[in-house]
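# Structural features, examined
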4 protein chains.
Amino acid sequence: MSDYFVDVPLRWSDMDAYGHVNNVQFLRLLEDARVVAFSDWFGQDRSLVDEGVLVARHEIEYLAPLTFRQAPVRIGMWTMRITPASFDVGYEVREPAGSDRTPDTVYARAETTLVLYDFETARPRRMAPHVKDNLLSFGGGEVPFRWRRR
Amino acid sequence: MSDYFVDVPLRWSDMDAYGHVNNVQFLRLLEDARVVAFSDWFGQDRSLVDEGVLVARHEIEYLAPLTFRQAPVRIGMWTMRITPASFDVGYEVREPAGSDRTPDTVYARAETTLVLYDFETARPRRMAPHVKDNLLSFGGGEVPFRWRRR
Amino acid sequence: MSDYFVDVPLRWSDMDAYGHVNNVQFLRLLEDARVVAFSDWFGQDRSLVDEGVLVARHEIEYLAPLTFRQAPVRIGMWTMRITPASFDVGYEVREPAGSDRTPDTVYARAETTLVLYDFETARPRRMAPHVKDNLLSFGGGEVPFRWRRR
Amino acid sequence: MSDYFVDVPLRWSDMDAYGHVNNVQFLRLLEDARVVAFSDWFGQDRSLVDEGVLVARHEIEYLAPLTFRQAPVRIGMWTMRITPASFDVGYEVREPAGSDRTPDTVYARAETTLVLYDFETARPRRMAPHVKDNLLSFGGGEVPFRWRRR
């Protein structure tokens, strides 16, 4: 895992009729985190972040219930399996270390496979070398899933 | 795969700024399909469907872009790995066979792990025998994921 | 009020932590109803429905709580105040007359002001005569708001 | 208008297929602002904020298109028409004065009518004197709607 994280605010409406942040909304929080991370990781280079990256796959495990509060959740993020045309992002959604709630609680772990795509030619495209270098510098290990099927 | 399916309507707002049904919204469509399926599968027995089932895990692959239309998408569903306190659901989001769009297109495949839970004691609970029988009658094989990590 | 209506399905996720369809989601249901109505009212003439209509204003009153069920709600719709470049739509969100719930319950009343817009020139645009004729044929009276400010 | 405001973060998913923050999502932003405001205005007194306030009415006008950015929008808020069992909130969604976008742009103006409600007895309830005093201290004038129907 890299040290990189994004603090993502919740919305009251993220809760469902059970009074917990809905399982689908966790994916929405990950989307918000990616927007910030890709901006941080690639700066003004919009070739990656804009319209050239497709989500090909998600895997997520829910580990503890989360209820709305005004304080954001912390989403640790790192890269994995960088290939010429794709990469994976790992996530850990957790309570910040200094929180006045139960610190370090892990609410969910997840990973996303992203594919670089050229919308004009409608084909996968190759990663520029400096993009690969950036992604490598945020590299981390496998997501420690508990229930992954094998 | 069982023959069971649910036709789930899209909403215009399921599309994101790229003009496609957003990857997160696919999980929302699966939630809608589960609500219908659990009602069909368990009828008036609300012990399973109501507050006694937690989502523990999702895995999803996106195979073709989907744009909004008034016609619903068809979501095939089946059960897998039934244990005393949990079961998995497999899904295939596809174009119906007789559609005037490209018939049989598979937009996504997914699976969800569900855990039976007793909210009063805050502990997992055991499946009643008739519930297990019902789930078994909708049993099917493994989801043919392309990119599952091993 | 015209006799026109659209039956709009709910989603389980339309409910909020209070267990009712959230007040904001009612506007989402109205959006779904407009998509169907504009398609019905204008058929293949996409000049109105596609990218040429902006929402300028909403007003909505909530009259009875609504909880999720698989059956759709019925949304009566009619047009008002048709001008060369704008028109209003009135709505009544209600239980269908033959429902096995409390028939004819009115959950909400609302109206929306829509402005015709030319995205290429970034200016309002004028309504074609046949569009005006169509809109007039679905004309109705003022929304009977209880609490409108004057 | 009072000087009170809440800065509300956007989500990338607030944009619709037109690439603008969707008109319905503006109501979602107002909901987020109310959650923060009610907490600020009433502190630990949860009698108002928790389950005792119902939304009875919204009115909103859209004045300028808003696209996603990481910076929050500023929502000015004030109270109006305080009665023993209800009050209105006015809002102005705007670009902060010092923004590097077009400062002071007003994206939308809105108002919400809120009714105090006792969920146990299922009846409206009366406002405690200190709640009324708090609400009065954030009092402001009428929302300057352009298109309000009369």
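Everything discussed here concerns the structure shown above.
Quick look at the structure, then. Just so we're clear, the structure is a prediction, and the values are computed from it rather than from any experiment.

### Details of the pairing of strand S1 (residues 5-8) of chain A
Residues and elements named next belong to chain A. Of the two faces of S1, only one is covered, namely that formed by Val6 and Val8; the face formed by Phe5 and Asp7 stays uncovered. Where S1 meets strand S3 (residues 73-83), four bridges bridge the pair, whose relative direction is antiparallel. Its bridge partner lying in S3, Phe5 is registered against Gly76.

### Digging into the interface of chain B and chain D
Across the contact, seven residues belong to chain B and seven residues belong to chain D. Carbon and sulfur atoms make up 76% of the area that chain B and chain D hide from each other, which totals about 570 Å². The largest share of the area that chain B buries against chain D comes from Trp12(B), Asp16(B) and Ala17(B), three residues that together contribute 71% of it. Where chain B meets chain D, there are zero salt bridges. For the side of chain B that touches chain D, a count of residues per class yields four nonpolar, two polar and one charged.

### A word on the nonpolar core
Of all hydrophobic cores here, the largest spans 72 residues; its most connected members are Ile75(A), Met77(A), Ile75(B) and Met77(B). In this structure, Met77(A) is in contact with Ser2(A), Tyr4(A), Val6(A), Ala33(A), Arg34(A), Ala37(A), Trp41(A), Val89(A), Gly90(A) and Tyr91(A), ignoring residues within four places of it in sequence. In this structure, Ile75(C), Leu116(C), Phe26(D) and Tyr62(D) belong to the second largest nonpolar core, which totals 71 residues.

### Things to note about the interface of chain A and chain B
Contact with chain A, which involves 28 residues of that partner, is made by 28 residues of chain B. With both sides pooled, the region where chain A packs onto chain B buries about 2,600 Å², and carbon together with sulfur makes up 52% of that total. Three residues stand out in chain A for area buried against chain B, namely Tyr18(A), Arg57(A) and Arg149(A), and they jointly supply 27% of the buried area on that side. On inspection of chain A and its partner chain B, the count reaches two salt bridges. Between Arg57(A) and Glu59(B) there is a salt bridge, and its shortest N-O distance comes to 3.0 Å. Where chain A touches chain B, the interface holds 16 residue pairs in polar contact (both at pLDDT 80 or more). For the side of chain A that touches chain B, the secondary structure elements donating two or more residues are helix H1 (23-42), strand S2 (53-62) and strand S5 (106-118) of chain A. For the side of chain A that touches chain B, the leading source of residues is S2(A), giving eight residues. Taken together, the residues of the side of chain A that touches chain B break down into nine nonpolar, five polar and 14 charged.

### Focus: the relation of the copies chain A and chain B
Note on the copies: chain A fits chain B at an RMSD of 0.0 Å, the axial shift is 0.0 Å, and the rotation between them is 180°. Expressed as a symmetry operation, the mapping of one chain copy onto the other fits a two-fold axis. Across chain A, the rotation axis passes nearest the C-alpha of Glu59(A), at a separation of 2.1 Å. With an isologous cut-off of 70% or more, the 100% of interface residues of chain A that recur at the interface of chain B puts this contact in the isologous class.

### Topic: the relation of the copies chain B and chain D
Turning chain B through 180° and shifting it by 0.0 Å along the axis lays it on chain D, with an RMSD of 0.0 Å. When the interface residues of chain B are mapped onto chain D, 100% of them again fall at the interface, so both copies present the same face.

### Considering unusual backbone geometry
One non-glycine residue, Arg81(B), adopts positive backbone phi at about 50°. Mapped onto the elements of the fold, Arg81(B) is located in strand S3 (residues 73-83).

### A look at the side chain of Arg109(D)
Residues and elements named next belong to chain D. You can see Arg109 is positioned in strand S5 (residues 106-118). Residue classification places Arg109 among the buried positions, given a relative accessible area of 15%. Here the side chain of Arg109 touches Glu92 through a polar contact of 3.2 Å, side chain to side chain. If we ignore the near neighbours within four places in the chain, the residues touching Arg109 are Glu59, Ile60, Glu61, Leu63, Tyr91, Glu92, Val143, Pro144 and Phe145.

### Some thoughts on the packing of H1(A) against helix H1 (residues 23-42) of chain B
Contact geometry for H1(A) and H1(B): axes closest at 9 Å, N-to-C directions at 180°. The pairing of H1(A) with H1(B) is recorded here as roughly antiparallel in orientation. Taken together, the residues of H1(B) that come into contact with H1(A) (itself represented by Asn23(A), Val24(A), Gln25(A), Leu27(A), Arg28(A), Glu31(A) and Arg34(A)) are Asn23(B), Val24(B), Gln25(B), Leu27(B), Arg28(B), Glu31(B) and Arg34(B). For the contact of H1(A) with H1(B), the class distribution of residues is four nonpolar, four polar and six charged.

### What about a nonpolar patch on the surface?
On the surface, Leu54(A), Phe119(A) and Tyr18(B) cluster together to form a nonpolar patch covering roughly 220 Å² of accessible area. Inspection of the secondary structure assignment puts Leu54(A) in strand S2. Exposure remark for Leu54(A): the relative accessible area of 31% places this residue in the partly exposed category.

### With respect to H1(B)
Residues and elements named next belong to chain B. Taking 1.5 Å per residue as the helical rise, H1 with its 20 residues ought to reach 28 Å, and the 29 Å between its terminal C-alpha atoms agrees with that figure. With 16 of 20 residues buried, H1 is to be regarded as a mostly interior element. With a side-chain oxygen lying 2.9 Å from the backbone nitrogen of Val24, the N-terminal cap of H1 falls on Asn22. Backbone geometry just after H1 places Gly43 at a positive phi near 55°.

About the cut-offs
- Residues numbered from 1 in each chain as written.
- Chains lettered and ligands numbered in written order.
- Predicted model: local features only at pLDDT ≥ 70, side-chain atom pairs only at ≥ 80, totals over all residues.
- Heavy atoms only, no water.
- Buried < 20%, exposed > 50% of the residue type's maximum accessible area, 1.4 Å probe, protein only.
- Helix = DSSP H or I, 4+ residues; strand = E, 2+ residues; numbered from the N terminus.
- Pairing = 2+ DSSP bridges.
- Contact = heavy atoms within 4.5 Å.
- Buried area = accessible area lost by both parts, 1.4 Å probe.
- Salt bridge = Lys/Arg side-chain N within 4 Å of Asp/Glu carboxyl O.
- Nonpolar A, V, L, I, M, F, W, Y, C, P; charged D, E, K, R; others polar.
- Core = buried A, V, L, I, M, F, W, Y, C linked by side-chain atoms within 4.5 Å.
- Polar contact = N/O pair within 3.5 Å; in protein donor to acceptor, adjacent residues only side chain to side chain.
- Least-squares fit on C-alpha atoms with pLDDT ≥ 70 in both.
- Axes fitted to C-alpha atoms, helices over the stretch in contact; angles between N-to-C directions.
- Parallel < 35°, antiparallel > 145°, perpendicular 65-115°, else oblique.
- Patch = residues over 30% accessible without salt bridge, like charges linked within 9 Å, V, L, I, M, F, W, Y side chains within 5 Å.
- Areas by Shrake-Rupley, 256 points an atom, 1.4 Å probe, with all protein chains shown as cover.
- Expected span 1.5 Å × (residues − 1).

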